[in-house]
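# Tertiary structure, described
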Amino acid sequence: ISFAISGAAAAASGCSYAELASKIPVSGSTYAYAYVSIGELAAVISAALLTLEYGVSGSAVARSWGDKVMGTIANHVDDDSSSIVRWMIDVLSESSLNPLAFALSIAATITLLSGVKESKRVVNAFTIFKLALVAFMIIVGFAHSRQQNW
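Residues numbered from 1 in each chain as written. Predicted model: local features only at pLDDT ≥ 70, side-chain atom pairs only at ≥ 80, totals over all residues. Heavy atoms only, no water.

## Details of the packing of helix α1 (residues 2-23) against helix α2 (residues 30-37)
- Between α1 and α2, the least distance of the axes is 10 Å, while the angle of their chain directions is 90°. Considering the angle they form, α1 stands roughly perpendicular to α2. Each of Tyr17, Leu20 and Ala21 in α1 lies in contact with α2, whose residues at this interface are Tyr33, Val36 and Ser37.
- Its residues placed into classes, the contact of α1 with α2 shows 5 nonpolar, 1 polar and no charged. (Axes fitted to C-alpha atoms, helices over the stretch in contact; angles between N-to-C directions. Helix = DSSP H or I, 4+ residues; strand = E, 2+ residues; numbered from the N terminus. Parallel < 35°, antiparallel > 145°, perpendicular 65-115°, else oblique. Contact = heavy atoms within 4.5 Å. Nonpolar A, V, L, I, M, F, W, Y, C, P; charged D, E, K, R; others polar.)

## Considering a nonpolar patch on the surface
- Together, Val69, Ile73, Ile84, Val85, Trp87, Met88, Val91 and Leu100 line one region of the surface with nonpolar side chains, adding up to about 670 Å² of accessible area.
- Only α3 (40-75) and α4 (84-94) provide two or more residues apiece to the nonpolar patch.
- Of the residues forming the nonpolar patch, the biggest block, 5 residues, is contributed by α4.
- Here Val69 is to be found in helix α3. (Patch = residues over 30% accessible without salt bridge, like charges linked within 9 Å, V, L, I, M, F, W, Y side chains within 5 Å. Areas by Shrake-Rupley, 256 points an atom, 1.4 Å probe, with all protein chains shown as cover. Salt bridge = Lys/Arg side-chain N within 4 Å of Asp/Glu carboxyl O.)

## Notes on the confidence of the model for the protein
- Looking at the protein as a whole, its pLDDT mean stands at 83, while 94% of the residues score no less than 70.
- When the elements of the protein are averaged for pLDDT, α4 gives the smallest value, 71, and helix α6 (residues 116-143) the largest, 93. (pLDDT = per-residue confidence, 0-100.)

## Section: α2
- Those residues of α2 not exposed but buried are Ala32, Tyr33 and Ala34.
- Those residues of α2 that are buried are in contact with α1 and α3.
- Downstream of α2 by a residue or two, Gly39 has a phi angle that is positive, lying close to 135°. (Buried < 20%, exposed > 50% of the residue type's maximum accessible area, 1.4 Å probe, protein only.)

## Looking at the layout of surface pockets
- Looking at the largest pocket, its volume works out to about 600 Å³.
- Around the largest pocket, the lining comprises 15 residues; the ones closest to its centre are Trp65, Leu104, Ala107, Ala108 and Leu112.
- The set of elements that each furnish at least two residues to the lining of the largest pocket consists of α3, α5 (99-113) and α6.
- A per-element tally of the lining of the largest pocket places α5 first, with 7 residues.
- Counted by class, the lining of the largest pocket contains 10 nonpolar, 5 polar and no charged residues. (1 Å grid on protein atoms, 1.4 Å probe; cavity = no way out; pocket = protein on both sides within 12 Å on 5 of 7 lines; lining within 4 Å. Points joined across faces, edges and corners; volume = space filled by probe spheres on them.)

Put into structure tokens, the structure is as follows:
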């Protein structure tokens, strides 16, 4: 019974969403839907909150990537090394600054500001790389599989 009730609620929600989408003359975004259904103030608030969410989540991803790269570099540099790289790792591990996260954020911002075509090329390049990586893992997995496990 609960599945039937959930299905009916989902169908009603889908129908109301389709009706709302048909009344909006532009392709949908959160701002457009909020503007048409609730009003301009709600649309501005939702746009501001989405911008804040993207900023916070983007900075968290950049920080994580920067920390991973710094950790990998630190694992490959000798502890008794007197190089500038060892000094940078020691200084940056004690501070809250992460220059790699900053560089990644700047690179992403420049890519987005360069336009839709360039951003699409970057996304397509990463997508092709990920698909090639998955295909490589599948091929290598089949090459290393054992017949007795089938």
